[in-house]
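Letter by letter, the chains look like this.
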Amino acid sequence: MGLKSGGLQRKSKASQEIPSSSMADIAFLLLIFFMVSTVFQKDKKREILWPEAEASEKIDAKQKEILNIWVEPNGDVYINDLLWEMEEVRSVVRPLYVETQAALVVSIRSDQNVPYFHVDLLQKELQAAGALRVVFATELEQDLIMERR
Amino acid sequence: MAVLGSKKSKVSDEIPSSSMADIAFLLLIFFLVTTTFPKDKGLAIVLPEQAQEQEVPQKNVLHVIINPTGTVIIKRGEQQQEQQVRPNDVEAIWRQGFAENENLIAAVKTHRDAPYRFMVDVLDALQTAGARKISLQLLEE
């Protein structure tokens, strides 16, 4: 009796629906974030086991100034998805180095089990090309993993 | 006639804004799918210029020899004494050596068949210890 007219039945004035008018704003915000952070890949991903290092740090260079050189366990060298002979690397890297006004950073992306002499030959090629700023691409080594070992 | 001319068109002359969210989401999904966050972490090093070899007094050199099995042999400059350690121990050895001699240079000599990751382990240990003068070489037999 008294219950029906009581405050329990009264409807709240606040809408129960999620306001949809700001949905577009949220979408655009996300959109702009992804547009800005998108980098279209130059070369396809390769299945390699990264070496791990605790001292890994972010490469301090613009995205377009980074050249990825992939070294596979059998010694194949890939630059921009093309297979090159080790002796050709210097003539491939040199024009790219000049193009970036000597700001080129070479990221050596090598499988952790590659015999070292391949990497050594690559370093000599890069020296010949004048591209002296080199980064050995690694995965950040987590302390947790180290403790488990 | 006058009535006809003043009749308002029923077609709205505004761009429909209700589909704006759909367009935004479509673009959003496109960029979500195509985004790859660049994975560029690594150990940076500057190679010496070609044919720029320097004579370094032996007492300033810390030889770090990496074997194919991953064992590391430390040889201090002039001493003949060799010390077999693990890659992680190089950090402490460098810190100790650098405290004694500020001009110390780490010469990392890797066996040609040693897996790349052992060289990275040693380089990691040296960089963690703050070493700046590092020379990467192939082990001559």
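Described below are features of the structure shown in this document. (Residues numbered from 1 in each chain as written. Chains lettered and ligands numbered in written order. Predicted model: local features only at pLDDT ≥ 70, side-chain atom pairs only at ≥ 80, totals over all residues. Heavy atoms only, no water.)

## Some thoughts on the overall build of chain A
No. 1: Helix and strand content of chain A: four helices and eight strands.
No. 2: When its helices and strands are written in sequence order, chain A yields α-β-β-β-β-β-α-β-α-β-β-α.
No. 3: Buried positions account for 43% of the 149 residues belonging to chain A.
No. 4: Partitioning the intrachain contacts of chain A with sequence separation of at least 6 by distance along the chain shows that 76% fall at a separation of at least 24. (Helix = DSSP H or I, 4+ residues; strand = E, 2+ residues; numbered from the N terminus. Buried < 20%, exposed > 50% of the residue type's maximum accessible area, 1.4 Å probe, protein only. Contact = heavy atoms within 4.5 Å.)

## Considering helix α2 (residues 89–99) of chain A
Residues and elements named next belong to chain A.
No. 1: All of the buried residues along α2 are Val89, Val92, Val93 and Tyr97. Down the axis, α2 shows its buried residues gathered within 130 degrees of arc, on one side only. Those residues of α2 that are exposed and aimed more than 90 degrees away from the buried face are Ser91, Val98 and Glu99.
No. 2: The positive-phi residue at the C-terminal boundary of α2 is Gln101, with phi of around 55 degrees. (Arc of directions from axis to C-beta.)

## Digging into the pattern of salt bridges
All names here are of chain A.
No. 1: Following the criterion strictly, the structure yields five salt bridges over all chains and no others.
No. 2: Here Glu125 ties to Arg90 by a salt bridge, and the two come within 3.0 Å at their closest N and O atoms. Note that Glu125 is positioned in helix α3 (residues 116–129) and Arg90 in helix α2, a separation of 35 residues in sequence.
No. 3: Note on Glu125: relative accessible area 8%, which makes it buried.
No. 4: For Arg90, a relative accessible area of 39% corresponds to the partly exposed category. (Salt bridge = Lys/Arg side-chain N within 4 Å of Asp/Glu carboxyl O.)

## Thoughts on the side chain of Ser110 of chain A
No. 1: Tracing the chain through its elements places Ser110 of chain A in strand β6 (residues 105–110).
No. 2: For Ser110 of chain A, a relative accessible area of 0% puts it in the buried group.
No. 3: If we ignore the near neighbours within four places in the chain, the residues touching Ser110 of chain A are Ile48, Leu49, Pro51, Val71 and Val119 of chain A together with Tyr116 of chain B.

## Quick notes on the environment of Met119 of chain B
No. 1: Structurally, the position occupied by Met119 of chain B is in helix α4 (residues 116–128).
No. 2: Between the C-alpha atoms of Met119 of chain B and Val108 of chain B, which are eleven residues apart in sequence, the distance is 7.9 Å.
No. 3: Not counting residues within four places of it along the chain, the set of residues in contact with Met119 of chain B comprises Tyr116 and Phe136 of chain A together with Ile66, Thr110 and Leu136 of chain B.

## Considering the sheet that holds strand β5 (residues 105–110) of chain B
No. 1: Read across the sheet, five strands follow the order β4-β3-β2-β5-β6 (chain B) without closing on themselves; strand pairing throughout is mixed. On the outer flanks of this sheet lie β4 (82–85) and β6 (134–138) of chain B, each paired with one strand and no other. Adjacent strand axes in the sheet meet at a mean angle of 25 degrees, parallel and antiparallel pairs treated alike.
No. 2: Two strands pair when backbone bridges link them, and β5 of chain B and β6 of chain B are joined in this way by five bridges, in the parallel orientation. Bridging across to β6 of chain B, Ala106 of chain B finds its partner in Ile134 of chain B.
No. 3: Along the sheet face, α3 of chain A touches β5 and β6 of chain B and points at about 115 degrees away from the line of β6 of chain B. (Pairing = 2+ DSSP bridges. Axes fitted to C-alpha atoms, helices over the stretch in contact; angles between N-to-C directions.)

## What about the pairing of strand β3 (residues 72–76) of chain B?
Residue and element names in this part refer to chain B.
No. 1: Relative to β3, strand β2 (residues 61–66) runs antiparallel, the two sharing five bridges. When the bridges of β3 are listed, Leu62 appears paired with Arg76.
No. 2: Linking β2 to β3, which pair antiparallel, is a turn of five residues; within it Gly70 sits at a positive phi near 95 degrees.
No. 3: Pairing between β3 and β4: four bridges, direction antiparallel.

## What to know about the packing of aromatic side chains
No. 1: In total, this model carries five aromatic pairs over all chains according to the counting rule given.
No. 2: Considering the side-chain rings of Trp94 of chain B and Phe98 of chain B, the 5.5 Å spacing of their centres and the 20 degrees angle between planes classify their relative orientation as stacked. Placement of both Trp94 of chain B and Phe98 of chain B in helix α3 (residues 90–100) is noted, with a separation of four residues, approximately one turn of the helix.
No. 3: Look at Trp94 of chain B and you get buried, because its relative accessible area is 1%.
No. 4: Classification of Phe98 of chain B as partly exposed rests on a relative accessible area of 36%.
No. 5: Looking at Arg112 of chain B, its charged tip hangs above the ring of Phe117 of chain A, at a distance of 4.0 Å from the centre.
No. 6: Note that Arg117 of chain B overlies the ring of Phe118 of chain B, its terminal NZ or CZ placed 4.8 Å from the centroid. (Phe/Tyr/Trp six-rings, centres within 6.5 Å; stacked < 30°, edge-to-face > 60°. Lys NZ or Arg CZ within 6 Å of the ring centre and 35° of its normal.)

## Regarding the nonpolar core
No. 1: Counting 53 residues, the largest nonpolar core has Ile69, Val93, Ile108, Leu126 and Phe136 of chain A together with Leu126 and Leu136 of chain B as its most contacted members.
No. 2: Top contributing element to this core by residue count: α4 of chain B, with eight residues.
No. 3: Leu126 of chain B has contacts with Val90, Trp94, Ala106, Val108, Ala131 and Ile134 of chain B, leaving out every residue within four places of it along the chain.
No. 4: Membership of the second largest hydrophobic core comes to five residues, among which are Ile48, Trp50, Trp70 and Ala137 of chain A. (Core = buried A, V, L, I, M, F, W, Y, C linked by side-chain atoms within 4.5 Å.)

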